[in-house]
Amino acid sequence: MFSVEFIHSVNQTPVKDTYVIENGQIKAYSTTYRSFGAGVQTALQEGQTMTYDENGNMVITGFDIAYDPLRYIVGTVSDHILCFDGKEISLRDMCGRNAKVVFEIVTPFEILTKGLL
């Protein structure tokens, strides 16, 4: 499981998208945000539920979405933070502002042959 946290560019509130790796795919697990507004989900779809976390943020779960690959563009005003295994990594520091970041499942062979190390 991993997440990407950022400040939404339109409504200027924190968003946390959480993903799980399952059956060789990156799947949406939950999204957490503080308030409704342009650019964030405003209605639940079939199978989804909304709860509130300890800080009063909305947490939507029940997604049926797989990404191959998962893509982000790192913010120019605010950072995107990759969180996994208790670590936080600034995607701005690692990749730069406005960088295109791609998360995908690859085999060890692909890592070696595509020079991904």
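These lines cover the structure that appears in this document, whether it is placed above or below.

About the thresholds
- Sequence order as written defines residue numbering, which begins from 1 separately in each chain.
- Local features in this predicted model are restricted to residues whose pLDDT is 70 or higher, and side-chain atom pairs enter the listing and the counts only when it is 80 or higher, whereas totals over whole chains, interfaces and linings include all residues.
- In computing side-chain values, all of the structure's heavy atoms are included and hydrogens and water are not.
- Any pair of cysteine sulfurs within 2.5 Å is marked as a disulfide.
- The cut-offs for exposure are 20% and 50% of the maximum accessible area for each residue type, with area from a 1.4 Å probe on protein chains only; residues under the lower value are buried, those over the upper are exposed, and the others partly exposed.
- Each helix is a run of DSSP H or I of at least 4 residues and each strand a run of E of at least 2, with the numbering of both proceeding from the N terminus.
- The contact criterion used throughout is that any non-hydrogen atoms of two residues lie within 4.5 Å.
- Surface patches are drawn from residues lacking salt bridges whose relative accessible area is over 30%; two like charges belong together within 9 Å, two nonpolar side chains (Val, Leu, Ile, Met, Phe, Trp, Tyr) within 5 Å.
- Shrake-Rupley sampling with a 1.4 Å probe provides the accessible areas, and residues are treated as covered by the protein chains on show and by no other component.
- Salt bridge, as used here: a side-chain nitrogen of Lys or Arg that lies within 4 Å of a carboxyl oxygen of Asp or Glu.

With the rule as written, the count across this model stands at zero disulfides. Cys83 carries a free sulfur, and the closest cysteine sulfur to it, the one in Cys95, is 14 Å from it. Note on Cys83: relative accessible area 12%, which makes it buried.

So, about the side chain of Thr18. Along the chain, the position of Thr18 falls in strand S2 (residues 14-22). If sequence neighbours within four positions are ignored, Thr18 has contacts with Met1, Phe2, Ser3, Lys27, Ala28, Tyr29 and Ser30.

Moving on, we get to a nonpolar patch on the surface. The grouping of Phe36, Leu44, Met50 and Tyr52 at the surface amounts to a nonpolar patch, some 410 Å² of accessible area in total. As for its position among the elements, Leu44 is in the loop between strand S3 (25-33) and strand S4 (49-52).

Another point: unusual backbone geometry. Of the consecutive residues Asp68 and Pro69, the connecting peptide bond is found in the cis state with omega at 0°. With respect to the element layout, Pro69 can be found in the loop between strand S6 (66-67) and strand S7 (70-73). Unusually for a residue other than glycine, Asn23 sits at a positive phi of about 55°. One non-glycine residue, Asn98, adopts positive backbone phi at about 65°. Relative to the assigned elements, Asn98 resides in the loop between helix H1 (91-95) and strand S10 (100-103).

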